Amino acid sequence: MKQSAAGQAAINKRFQEAAEARKQIEQQAAVLQQQQQQLLQLHQQAQNGGLQAPTPPSRELFESDPIGYMEEKLKYDEGKAQYDQNLYQMQQVQQNQIQQQSQAHQSYLQEQAEVLKQYIPEIADPEKGEKLKGDIMSACMEYGFTAEEMAHVSDARYVRALNDARKYRQLVAKRKSTQSKGEKA
């Protein structure tokens with residue numbers, strides 16, 4: 001019974017930890033959802049022309065109605081502060097999006113590199129890999145690709161296909177050399 005009670009206590013403790021972790025995740029999800037809603041509101045304001053800088057009151061208003069000028073100046077200051085805050089939020093959101101896209105792209109590149117290592121393990125070797133990359137690049141040049149085009153290839157499938165094209169070209173070159181040696185003999 002003591003063992004059962006001790007085991008049950010450990011299980012209850014784990015359930016409590018899991019419940020706390022779930023609550024934290026739910027809170028973070030709620031904060032994220034709130035940020036997304038703010039982003040949508042700011043985006044809609046920008047699309048509807050609502051994100052425009054306020055215009056300051058004119059000098060003529062000051063000369064003709066100083067009290068009205070002060071009221072307009074207060075409205076302008078409040079509107080300018082709100083505009084600056086919205087602009088700052090938009091910039092922060094854009095920076096976050098750029099950062100997330102960059103991270104996603106980097107993780108995609110790492111994933112594709114791992115896939116490539118499965119199919120072409122010698123590409124990961126520091127000595128053989130550089131020669132192999134150079135051979136693939138030269139084979140690509142024979143097909144009319146530029147170095148710039150090849151620098152932007154991020155999909156492992158393309159590299160695999162190009163490696164197969166390189167191997168095929170090597171086989172054809174070997175076949176021609178063996179045929180010419182056979183004809184000479």
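All values reported here derive from a predicted model rather than from experimental measurement.

Participant: Sorry, what's going on with the overall build of the chain here?
Facilitator: If you tally the helices and strands in the chain, you get 6 helices and 0 strands. Counting from the amino terminus, helix and strand elements in the chain follow one another as α-α-α-α-α-α. The C-alpha atoms of the chain give 33 Å as radius of gyration, which overshoots the globular expectation for 185 residues (16 Å, by more than 25%). Dimensions of the chain, computed from the C-alpha atoms along their principal axes, are close to 110 × 80 × 25 Å. The buried share among the 185 residues of the chain stands at 14%.

Participant: Help me understand the packing of helix H4 (residues 126–142) against helix H6 (residues 156–184) in this model?
Facilitator: One way to put it is that H4 packs onto H6 with a least axis distance of 9 Å and a crossing angle of 80 degrees. When the axis of H4 is compared with that of H6, the two are roughly perpendicular. Contact residues: Leu132, Asp135, Ile136, Ala139, Cys140 and Glu142 in H4; Val159, Leu162, Asn163, Arg166, Arg169 and Gln170 in H6. Here the contact of H4 with H6 is built from residues that sort into 6 nonpolar, 2 polar and 4 charged.

Cut-off values and rules
Residues numbered from 1 in each chain as written. Predicted model: local features only at pLDDT ≥ 70, side-chain atom pairs only at ≥ 80, totals over all residues. Heavy atoms only, no water. Helix = DSSP H or I, 4+ residues; strand = E, 2+ residues; numbered from the N terminus. Rg over C-alpha atoms; globule rule 2.2 N^0.38 Å. Buried < 20%, exposed > 50% of the residue type's maximum accessible area, 1.4 Å probe, protein only. Axes fitted to C-alpha atoms, helices over the stretch in contact; angles between N-to-C directions. Parallel < 35°, antiparallel > 145°, perpendicular 65-115°, else oblique. Contact = heavy atoms within 4.5 Å. Nonpolar A, V, L, I, M, F, W, Y, C, P; charged D, E, K, R; others polar.

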